[in-house]
Amino acid sequence: MRIAPLSLLISASLFASSAFAQDTATVSGIESEISIKQAEYDNSTQILEKHLKEESQLQSQLDLLRTRSTELDKEKNQALDAMNEMYRRLIDDPTIDISTAQARYQQAVVDHKQNKDDIAMQLAAIASHRKDIEQIRVAKHTQLNTLESLKEQLTTARVERLRNEFTREGTLEVNHTINCKRTETLAACEQRGQQMGLQKATKRFVDQIFANLTEERLVEPKRNMAGAQVQILSSHVVNSAFSGQGNYNVNLSVTMRGDVNSSRLCNLLSVDNRYCSEYGTPLSTPYQASYGTTFSDSQLTFSDSRDNSTVAVSRMSEQPVQDYSVKSTAMVNPLVVDNNKNKMVELTLRSNVYDDEVFIDGVSFGATRLATTLPSGIHDIEVRKQGYQPYRVRIDLRKAQTINAKLVKKPESIAAPTNTREQSIKPVGNASGAAVVVIPAGTFEMGDINGNGLANERPVVEKTIANSFAMQSKEVTVGAYQQFVTNTGYQTEAEKNRGCAYYLNGEPVWEANLNWRNPGFEQGSDFPAVCLTYNDAKAYADWLSGQTGQRYRLPNEVEWEYAARAGTKTEYPWGNEIGKNLANCGWCGSEWSNQSAAPTGTFAPNAFGLYDTVGNVWEWTHKSADQSDVTVRGGAWNFAPSLARASTRLILAPDFRANYIGFRLVRER
């Protein structure tokens, strides 16, 4: 039987609403802001490079002045000796002219003094330049964090826009004609014609949803993975008639809404699954689209072969087309007549872990908690999480069902710390965070291995750790630092002068009453000690060394990155995506993200047994004698995930302190 072609006119205006315009405006606005911030960051980079070049020139001039100082000092001494010699001769012969010797000595003194003044002025100029450089660097870090944060917001906005574009509504008016079979009644022919009209309407509705996606070029190649569905909100017969040739013609008005499994949106946009998790607040306003316009058959004609494909229709009742009021929520399944075949059934999955991944019949559906609809029948369910035994079950889905998956940790998980003899050692009393683990010798690639880093992370170089060393498994805690202060009466630089910096509206602000005791957020003794300068950290290391008789110090950058990578080449110990609730950094999905530091050891350690090498607080590293600045590593609770990678480096002045900077120590052999 030949099916008459279905003609539809569905213009782009069907999907043009204020909600979608707002989504696009939100994305465009963030993109524009990113462009502005990127320009500011690039400009700061150029200014910093100029200042560093000028500082190098000033330093070279200072070196010349100091070299000249040695020469002038020698000349002054020689002139003095010559003048003294002339004075001795003058005693024996008063007629001797000593004016030349006097003039030479006087000039030598003047030149020496002038050179000293020049050195003092040069030092003052360098010091002033250093302050400018420090301010530019802090401003750059702020701009960088703001830039990376905007990128986080952009991805969230893109996901929300795609979700709204998939869940849009519209009304189609379709005209469809079929040939009645000789063996079927008029009622059966009428029902079949209406069902086929609805089937084609839903198919074309999905086609138009995809055609009008803002990022259609990116999403369309993955269409078969989208799981797009259609809900028929209402439908009614505008008119219908039988012809004398045994044809049945029906004109339907169908109101539909698109639907999609939210967990698949991230895969469609090729972004991390954490953006499709339940935490966080969408950037755009809740979608409330409605369409009053009805479109009729006209210009477009589609071949039979194109219309033979099927469309998944969720939660639709199984009854022939009838007239429904516009407000009716009754839905029609245009694809089936059989009451059980391809019936869509709701399935809910939960698990006892975060950041897992659900596979249904081998296809990823994202993380739990997950609610989806599936065709009735047999399905294979699997829930996976790194470090846990996968949960697998086969179900016969006939009615709405909830599965509570319980994942069991593997006996030897990658998240488990390395068991070593020294791991339980506490160097002093019960100082929180003083336990150390042994880091084995080895070779690794240091720097921006995956090409996602900053300019100061390149080039990638191979480094060798010739000997094993011990490193504190956790950042030095408030409780441990309190022991040091109680024992020595030490006063930190924040307590003596100016206080400590914190972020306010994306800018570092100094607060005089902030210090390690009061960092601006509630903390316990097991929180990392913050608001400490490089020298504050060194003072603690020197004290701990004296208390234990073993040498403690800050790790150098090579040691820190080697220990943080723990044998991996990925951005984070668990992979190249930050995931959800695996660390405490901005937008990382933990209860502390963008709020405060977390208690040390809250999250799983890396393969070497080190906690919080990703996020929580930046950590000071050791600087050599010829360095004027210090590098911090590891990211922090209020910095973007992209800045918590193993190779990220931020350079700061030694006297800088903030409530997002702490430290940990290594113990020498």
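Everything here concerns the structure above.
The present account deals with the structure reproduced in this document.

**Description of the sheet that holds strand β10 (residues 370-375)**
Consider a sheet: its strands pair through backbone hydrogen bonds, and that pairing is either parallel or antiparallel.
Next up, step 1: Strand order in the open sheet made by the three strands is β10-β7-β14, with mixed pairing throughout. The open sheet has two edge strands with one neighbour each: β10 and β14 (401-405). Direction aside, the axes of adjacent strands within the sheet are offset by 25° on average.

**Quick look at the pattern of salt bridges**
Next up, step 1: On inspection of all chains with the given rule, the structure shows 37 salt bridges.
Next up, step 2: Across the pair R192 and E184 runs a salt bridge whose closest N-O atoms are separated by 2.6 Å. E184 matches R192 in its accessibility class, with the two residues each being buried.
Next up, step 3: Where salt bridges share partners, they join K203, R204, D207, E220 and R223 into one cluster.

**Looking at the packing of helix α7 (residues 478-488) against helix α9 (residues 534-548)**
Next up, step 1: Viewed as axis vectors pointing N to C, α7 and α9 meet at an angle of 75°, and their least axial separation amounts to 10 Å. As judged from the angle between their axes, α7 and α9 are roughly perpendicular. Every residue of α9 that contacts α7 at A480, Y481, Q483, F484, N487 and T488 is listed here: D536, A539, Y540, W543 and Q547.
Next up, step 2: Within the contact of α7 with α9, the residues separate by chemical class into six nonpolar, four polar and one charged.

**A closer look at the environment of V345**
Next up, step 1: In this fold, V345 is placed in strand β7 (residues 344-351).
Next up, step 2: Look at V345 and you get buried, because its relative accessible area is 4%.
Next up, step 3: For the pair V345 and P375, spaced 30 residues apart in sequence, the C-alpha to C-alpha distance is 6.0 Å.
Next up, step 4: Contact partners of V345, with chain neighbours within four places excluded, come to T372, T373, L374, S376, L397, R398, K399 and A400.

**A short note on the pairing of strand β3 (residues 229-242)**
Next up, step 1: Relative to strand β4 (residues 247-259), β3 runs antiparallel, the two being bridged by 12 bridges. Bridge pairing links A241 to N249 in β4.
Next up, step 2: Hairpin connection, β3 to β4: the antiparallel pair is bridged by four residues, and G246 has positive phi, about 80°.

**Describing unusual backbone geometry**
Next up, step 1: Of note, the bond from R458 into P459 is cis; its omega dihedral lies within 30 degrees of zero at 0°.
Next up, step 2: Following the sequence through the fold, P459 ends up in the loop between β17 (442-446) and β18 (461-465).
Next up, step 3: Backbone geometry places A566, a non-glycine residue, at a positive phi of 50°.
Next up, step 4: Along the chain, A566 turns up in the loop between α10 (557-565) and β23 (618-620).
Next up, step 5: The phi dihedral of N581 falls on the positive side, at around 60°, and the residue is not glycine.
Next up, step 6: By secondary structure assignment, the location of N581 is in the loop between α10 and β23.

**What about the sheet that holds β23?**
Next up, step 1: Taken in spatial order, the four strands make up an open sheet running β25-β24-β23-β26, and their pairing is mixed. With partners counted over all chains shown, the strands left at the sheet margins are β25 (649-652) and β26 (661-662), one partner each.
Next up, step 2: As judged from the four bridges shared by strand β24 (residues 630-633) and β25, these two strands associate in the antiparallel manner. Residue pairing across strands places R633 opposite R649, the latter belonging to β25.
Next up, step 3: Packed onto the sheet, α10 meets β23, β24 and β25 and runs at close to 5° relative to β24.

**Quick word on the nonpolar core**
Next up, step 1: Core analysis: the biggest nonpolar cluster contains 51 residues, and Y481, Y540, W618, W620, Y660, I661 and F663 have the highest contact counts within it.
Next up, step 2: Put simply, the parts of the chain that give this core at least two residues each are α2 (99-166), α7, β20 (500-504), α9, β23, β24 and β25.
Next up, step 3: Examining the composition of this core, we find that seven residues originate from one element, α9, more than from any other.
Next up, step 4: Apart from the residues lying within four places of it in its own chain, the contact partners of Y540 are V476, A480, Y481, F484, F663 and L665.

**Here we look at empty space enclosed by the protein**
Next up, step 1: Taken as a whole, this structure holds one cavity of 30 Å³ or more when the rule is applied.
Next up, step 2: In this structure, the largest cavity encloses a volume near 50 Å³.
Next up, step 3: The set of elements that each furnish at least two residues to the lining of the largest cavity consists of α2 and β25.
Next up, step 4: Of the residues contributing to the lining of the largest cavity, the split by class is eight nonpolar, one polar and no charged.

**What to know about the packing of aromatic side chains**
Next up, step 1: All chains considered together, the criterion is met by 22 aromatic pairs.
Next up, step 2: Summarising the aromatic geometry, the rings of Y572 and W574 are spaced 5.8 Å apart at their centres and angled 10° between planes, so their arrangement reads as stacked.
Next up, step 3: The exposure class of Y572 is buried, given its relative accessible area of 5%.
Next up, step 4: With a relative accessible area of 24%, W574 lands in the partly exposed category.
Next up, step 5: Taking the centre distance of 6.1 Å and the plane angle of 80° together, the rings of W592 and F603 count as edge-to-face. Here W592, found in the loop between α10 and β23, pairs with F603, found in the loop between α10 and β23; they are 11 residues apart in sequence, far enough to count as distant. F603 shares its class with W592; the two are buried.

Criteria and cut-off values
- Residues numbered from 1 in each chain as written.
- Predicted model: local features only at pLDDT ≥ 70, side-chain atom pairs only at ≥ 80, totals over all residues.
- Heavy atoms only, no water.
- Pairing = 2+ DSSP bridges.
- Helix = DSSP H or I, 4+ residues; strand = E, 2+ residues; numbered from the N terminus.
- Axes fitted to C-alpha atoms, helices over the stretch in contact; angles between N-to-C directions.
- Salt bridge = Lys/Arg side-chain N within 4 Å of Asp/Glu carboxyl O.
- Buried < 20%, exposed > 50% of the residue type's maximum accessible area, 1.4 Å probe, protein only.
- Parallel < 35°, antiparallel > 145°, perpendicular 65-115°, else oblique.
- Contact = heavy atoms within 4.5 Å.
- Nonpolar A, V, L, I, M, F, W, Y, C, P; charged D, E, K, R; others polar.
- Core = buried A, V, L, I, M, F, W, Y, C linked by side-chain atoms within 4.5 Å.
- 1 Å grid on protein atoms, 1.4 Å probe; cavity = no way out; pocket = protein on both sides within 12 Å on 5 of 7 lines; lining within 4 Å.
- Points joined across faces, edges and corners; volume = space filled by probe spheres on them.
- Phe/Tyr/Trp six-rings, centres within 6.5 Å; stacked < 30°, edge-to-face > 60°.

The analysis is restricted to geometry; functional conclusions fall outside its scope.
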